[in-house]
Amino acid sequence: AQSVTQPDIHITVSEGASLELRCNYSYGATPYLFWYVQSPGQGLQLLLKYFSGDTLVQGIKGFEAEFKRSQSSFNLRKPSVHWSDAAEYFCAVGTQGGSEKLVFGKGTKLTVNP
Amino acid sequence: DVKVTQSSRYLVKRTGEKVFLECVQDMDHENMFWYRQDPGLGLRLIYFSYDVKMKEKGDIPEGYSVSREKKERFSLILESASTNQTSMYLCASRSRRGWYYYGYTFGSGTRLTIV
């Protein structure tokens, strides 16, 4: 069965600093990979996804992520963080074929200092 | 522009009550899901439905049931509410075809407190 690990429970960065949120997955074949963001008290919003092709994918709000098959990783990056990026971020993996359900990581909470 | 609507943002119920959480989507999606979200545990799948009147158990179905009589509506039922079911509940839907391109669409969540 597939699984997702987000090693960092909580990250604090200063506004304007760069950001990288880590995500490692476990799945035997090429997965579908997603990053979602959840603002306080809200549902989840899709930031970006990877399912084939270019391993560097661009998303909304200036985020990007890189799929590295050799490392089973799909890390999320942003060159300059804004205070409005403070939220919880979830990485998710889906499978091709079968039940095709999404499995989520436990999330990384991002705090942005002024 | 609301696409997945959960009927209540906050709900307080008593132990032993039968609780209904409602979710409606207007995107004609075939698949719908119920997750619960707890601090430190992320999102855990309770039940999902591939189509009308179809349901399958997720990872934590105990104490819950679901109903999907119409394509747009997916209800989560707590048969006899207990305090350990206090949580944030999130509904999601997706199109069966090409879902990996669009991902899931989530509702805003229902924060349920059982007292």
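Residues numbered from 1 in each chain as written. Chains lettered and ligands numbered in written order. Predicted model: local features only at pLDDT ≥ 70, side-chain atom pairs only at ≥ 80, totals over all residues. Heavy atoms only, no water.

### Brief notes about the interface of chain B and chain A
- Contacts between the two partners involve 21 residues from chain B, matched on the other side by 22 residues from chain A.
- When chain B packs against chain A, the two sides together hide about 1800 Å² of surface, and 58% of this comes from carbon and sulfur.
- Summed over the shared surface of chain B and chain A, the number is zero salt bridges.
- Inspection of the chain B/chain A interface yields five residue pairs in polar contact (both at pLDDT 80 or more).
- Of all the secondary-structure elements, those providing two or more residues to the side of chain B that touches chain A are β4 (31-38), β5 (42-49), β9 (87-94) and α1 (99-102) of chain B.
- Taken together, the residues of the side of chain B that touches chain A break down into 13 nonpolar, six polar and two charged. (Contact = heavy atoms within 4.5 Å. Buried area = accessible area lost by both parts, 1.4 Å probe. Salt bridge = Lys/Arg side-chain N within 4 Å of Asp/Glu carboxyl O. Polar contact = N/O pair within 3.5 Å; in protein donor to acceptor, adjacent residues only side chain to side chain. Helix = DSSP H or I, 4+ residues; strand = E, 2+ residues; numbered from the N terminus. Nonpolar A, V, L, I, M, F, W, Y, C, P; charged D, E, K, R; others polar.)

### A few points about the state of the cysteines
- Summed over the entire model, instances satisfying the criterion amount to two disulfides over all chains.
- With a sulfur-sulfur separation of 1.9 Å, A:Cys23 is cross-linked through a disulfide to A:Cys91. Between A:Cys23 and A:Cys91, the disulfide has an S-S torsion of -65° and is therefore left-handed. Here A:Cys23 is found in the loop between β3 (19-21) and β4 (24-26), whereas its partner A:Cys91 is found in strand β10 (residues 87-94), with 68 residues between them in sequence. By the burial criterion, A:Cys23 is buried, and A:Cys91 matches it.
- Between the sulfur atoms of B:Cys23 and its disulfide partner B:Cys91 the distance amounts to 1.9 Å. Because the torsion about its S-S bond is -75°, the bridge between B:Cys23 and B:Cys91 counts as left-handed. Of the two residues, B:Cys23 sits in strand β3 (residues 19-25) while B:Cys91 sits in strand β9, which places them 68 residues apart along the sequence. Summarising the burial analysis for this pair, B:Cys23 and B:Cys91 share the class buried. (Disulfide = S-S within 2.5 Å. Buried < 20%, exposed > 50% of the residue type's maximum accessible area, 1.4 Å probe, protein only.)

### Considering the pattern of salt bridges
- Under the criterion given, the structure shown has eleven salt bridges over all chains.
- Between B:Arg44 and B:Asp38 there is a salt bridge, and its shortest N-O distance comes to 2.8 Å.
- The class of B:Asp38 is buried, set by a relative accessible area of 11%.
- For the salt bridge of B:Glu69 with B:Lys53, the shortest nitrogen-to-oxygen distance reads 2.4 Å. With B:Glu69 in strand β7 (residues 64-70) and B:Lys53 in the loop between β5 and β6 (56-57), this pair connects stretches of sequence that are 16 residues apart. Like B:Glu69, the residue B:Lys53 is exposed in the burial classification.
- Overlapping salt bridges bring together A:Glu64, A:Glu66 and A:Arg77 as one network.

### Topic: the side chain of B:Ser87
Residues and elements named next belong to chain B.
- Relative to the helices and strands, Ser87 is located in strand β9.
- When its relative accessible area of 4% is taken as the criterion, Ser87 is described as buried.
- Separated by 3.0 Å, the side chain of Ser87 and the backbone oxygen of Gln37 make a polar contact.
- Separated by 2.8 Å, the side chains of Ser87 and Asp38 make a polar contact.
- Residues within four places of Ser87 in sequence aside, it is in contact with Arg36, Gln37, Asp38, Thr110, Arg111 and Leu112.

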